[in-house]
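Working through the structure, step by step
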Amino acid sequence: MPSIPRIAERLPTPIRQLHSSEYRNAEALPPGAVLVVGSGQSGCQIAEDLHLAGRQTHLCVGSAPRVTRRYRGKDVVEWLHDMGHYDMPIDQHPLKEKVRGKANHYVTGRDGGRDIDLRKFALEGMKLYGRLGAAQGSELRFAPDLVRNLDGADATAERIKAGIDAHIAANGIEAPVEAPYVPLWTPASEPAAIDLIAENITTVIWSTGFRSNFTWVEIPAFDGRGYPTHKRGVSSVPGLYFLGLPWLYTWGSGRFSGVARDAGFLAEQILGHQAKPALRAAG
């Protein structure tokens, strides 16, 4: 279900507020500037759409990483697939189960797929801020972490490219060489606050993700956050299984590239569970 922070309750009534899942296009919004809160995939893609539509766009930038869409002649997803990243089990990831809470890398499929570079948007007039920290009337205050978040996103993209470079070199693959990324823009200072009225911001879009809602499953198989306790989709309650969750087993579990393997594994577990009563009866 959509997740909107309680700070939304403090914004002035005339401001139209909507979750990213409700966004359709720039024309559907009231005239005026737009503030997008959150820089995950949805937030960055919506900010880009508004920016390209000619709307004055403001974006609160969080810690979501970014990735280059194409690198050295291939889509980065194809490189990562060839390198086995989507087959990496969660117990081999450095963060282990904590990786399930990490935001996905922002990128876009627009026009066949390309990078999203927030620094380029800033040069073109988009206004960037750190995380939204507080609201008082029409004034919003931001954390002083814009530079850190931009640098962190770039560093992740460069690490992925370095891994691809190493894969190419180790396997003797012929691929065109590309120069390292050079930041196009760095903020001279970090805006501490803005006034929604003064900036003519009439719409706030909360690109703050979703939260799982398993309350309809009335079985004690969840942790204190309401998330399923499971190992590769096999829950802590015999006979209850989960499929399609991010990092159910591998990075590919929440994608088409991995769900079939997870489904096959769980089908075997279900058949084995059903067979146990019959074996006990026969014994």
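Structure report, in brief. (Residues numbered from 1 in each chain as written. Predicted model: local features only at pLDDT ≥ 70, side-chain atom pairs only at ≥ 80, totals over all residues. Heavy atoms only, no water.)

Our focus in this paragraph is the pattern of salt bridges. Considering all chains together, one arrives at 20 salt bridges under this definition. One salt bridge connects Arg69 with Asp75, and the closest N-O pair in it is separated by 2.8 Å. Asp75 gets classed as buried once you look at its relative accessible area, which sits at 16%. Via salt bridges that share partners, Arg66, Arg119, Asp151 and Asp154 belong to a single interconnected network. (Salt bridge = Lys/Arg side-chain N within 4 Å of Asp/Glu carboxyl O. Buried < 20%, exposed > 50% of the residue type's maximum accessible area, 1.4 Å probe, protein only.)

With parallel pairing, the five strands of this open sheet are ordered in space as S1-S10-S2-S3-S6. Two strands lie at the open edges of the sheet, namely strand S1 (16–19) and strand S6 (127–129), each paired on one side alone. Each neighbouring strand pair of the sheet contributes to a mean axis angle of 20°, computed without reference to strand direction. Bridge analysis of strand S3 (residues 57–60) against S6 gives three bridges, and the strand direction is parallel. Paired with Cys60 across the bridge in S6 is Tyr129. (Pairing = 2+ DSSP bridges. Helix = DSSP H or I, 4+ residues; strand = E, 2+ residues; numbered from the N terminus. Axes fitted to C-alpha atoms, helices over the stretch in contact; angles between N-to-C directions.)

The next subject is the sheet that holds strand S7 (residues 132–136). An order of S7-S8-S9 is seen for the three strands of this open sheet, with the pairing classed as antiparallel. The strands lining the two open edges of the sheet, one partner per strand, are S7 and strand S9 (193–195). The sheet shows a mean angle of 20° between the axes of neighbouring strands, taken without regard to direction. Sheet topology note: the S7/strand S8 (residues 139–142) ladder contains four bridges and is antiparallel. Across the sheet, residue Leu132 finds its bridge partner in S8, namely Phe142.

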